[in-house]
Amino acid sequence: TGGQGPETVELFADQAGNYRIEVALFATLRGKYEINLLELRAATKAEAERHRTEKELLVQMEKPWDEANRVLDLSALDHFMADDYVNYSARGQISDKQSFLAAAAVRKTAAQNVTERHEMDAVALRVYGDAAMSSGRVVISATQNGREQKFPGRFIHLWLLRGGRWQIAGDM
């Protein structure tokens, strides 16, 4: 417990295994803590294999998710998205699953911002048990008002394993 009350300490690892940490308050430095890793158990072969398999599956799922967004495939988007999905746009707008799909349907019907190409690179993925985060760069090339436009950006996707399948629960 710190001076402001209980504080949560989380440890994220790229591989499965058991970790034990100790958090101690410095006696001479008010409000400062020391965190020590006391014990570390490496992942078993089965844990490491599951981690590798899940990571490969998620890397493979990024392309169809991106393609569904590019062509505004509402059925595929709905399939990938968790019911509690949240999108944070580059303009600061927040959309839930229903509003995201409704906006995609309007764009598809009106043929606004017809996207021709998505180029993703520098994709990094971390798996944390039944949750995973992917991030990377994307350049979206689209034709607007008869002119090709390029929109560089970055993305973060939050994937959750639910009911035996990975779903995207959030992105920005």
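Preceding this section is the structure that the text describes.
Source: prediction; values computed, not measured.

On to helix H1 (residues 45–71). In this model, H1 (27 residues) spans 40 Å end to end at C-alpha, consistent with the 39 Å of a helix rising 1.5 Å per residue. For H1, the full list of buried residues reads His51, Glu54, Leu58, Met61, Glu62, Trp65, Asp66, Ala68 and Asn69. Once H1 finishes, Leu72 follows within two positions and takes phi at roughly 55°, a positive value.

So, about the environment of Val86. Summarising the element assignment, Val86 is placed in strand E3 (residues 81–88). With 14 residues separating them in the primary sequence, Val86 and Phe100 have C-alpha atoms 8.5 Å apart. Apart from the residues within four sequence positions on either side, Val86 is in contact with Ile94, Ser95, Ala169, Gly170 and Asp171.

Checked against the element boundaries, Glu62 lands in helix H1. Buried charged residue Glu62 carries no salt bridge. Nearest counter-charge: Lys63, at 11 Å. For Glu62, the residues in contact, after removing those within four places along its chain, are Met120, Ser134, Phe155, His157 and Trp159.

Before going further, it helps to spend a moment on the pairing of strand E7 (residues 147–162). Bridge count between strand E6 (residues 131–144) and E7: 14 bridges; the pairing is antiparallel. Across the sheet, residue Ala131 finds its bridge partner in E7, namely Leu160. Here E7 folds back onto strand E8 (residues 165–171), and the loop between the two strands holds two residues, one of which, Gly163, carries a positive phi near 60°.

What follows deals with helix H3 (residues 97–110). Because an α-helix completes one turn every 3.6 residues, residues spaced three or four positions apart along the sequence face the same direction. The terminal C-alpha atoms of H3 lie 20 Å apart, and with 14 residues this matches the ideal 20 Å at 1.5 Å per residue to within 8%. Looking at H3, one finds that the buried residues are Lys97, Phe100, Leu101 and Ala104. One face of H3 carries all of its buried residues, which in axial projection span an arc of 95°. Summarising the geometry of H3, the exposed residues directed more than 90 degrees from the buried face are Gln98, Val106 and Thr109. If you follow the buried residues of H3, they end up packed against H1, helix H2 (74–80), E3 and strand E4 (94–96). Capping the start of H3 is the job of one residue whose side-chain oxygen sits 3.3 Å from the backbone nitrogen of Gln98: Asp96.

Turning next to the pattern of salt bridges. Counted according to the given criterion, the structure contains eight salt bridges. The partner of Lys97 in a salt bridge is Asp78, and the shortest N-O contact between them spans 3.1 Å. Note that Lys97 is positioned in helix H3 and Asp78 in helix H2, a separation of 19 residues in sequence. Judged by relative accessible area, which is 36%, Asp78 ranks as partly exposed.

Parameters at a glance
Residues numbered from 1 in each chain as written. Predicted model: local features only at pLDDT ≥ 70, side-chain atom pairs only at ≥ 80, totals over all residues. Heavy atoms only, no water. Helix = DSSP H or I, 4+ residues; strand = E, 2+ residues; numbered from the N terminus. Expected span 1.5 Å × (residues − 1). Buried < 20%, exposed > 50% of the residue type's maximum accessible area, 1.4 Å probe, protein only. Contact = heavy atoms within 4.5 Å. Lys, Arg positive; Asp, Glu negative; His and termini not counted. Salt bridge = Lys/Arg side-chain N within 4 Å of Asp/Glu carboxyl O. Pairing = 2+ DSSP bridges. Arc of directions from axis to C-beta. Polar contact = N/O pair within 3.5 Å; in protein donor to acceptor, adjacent residues only side chain to side chain.

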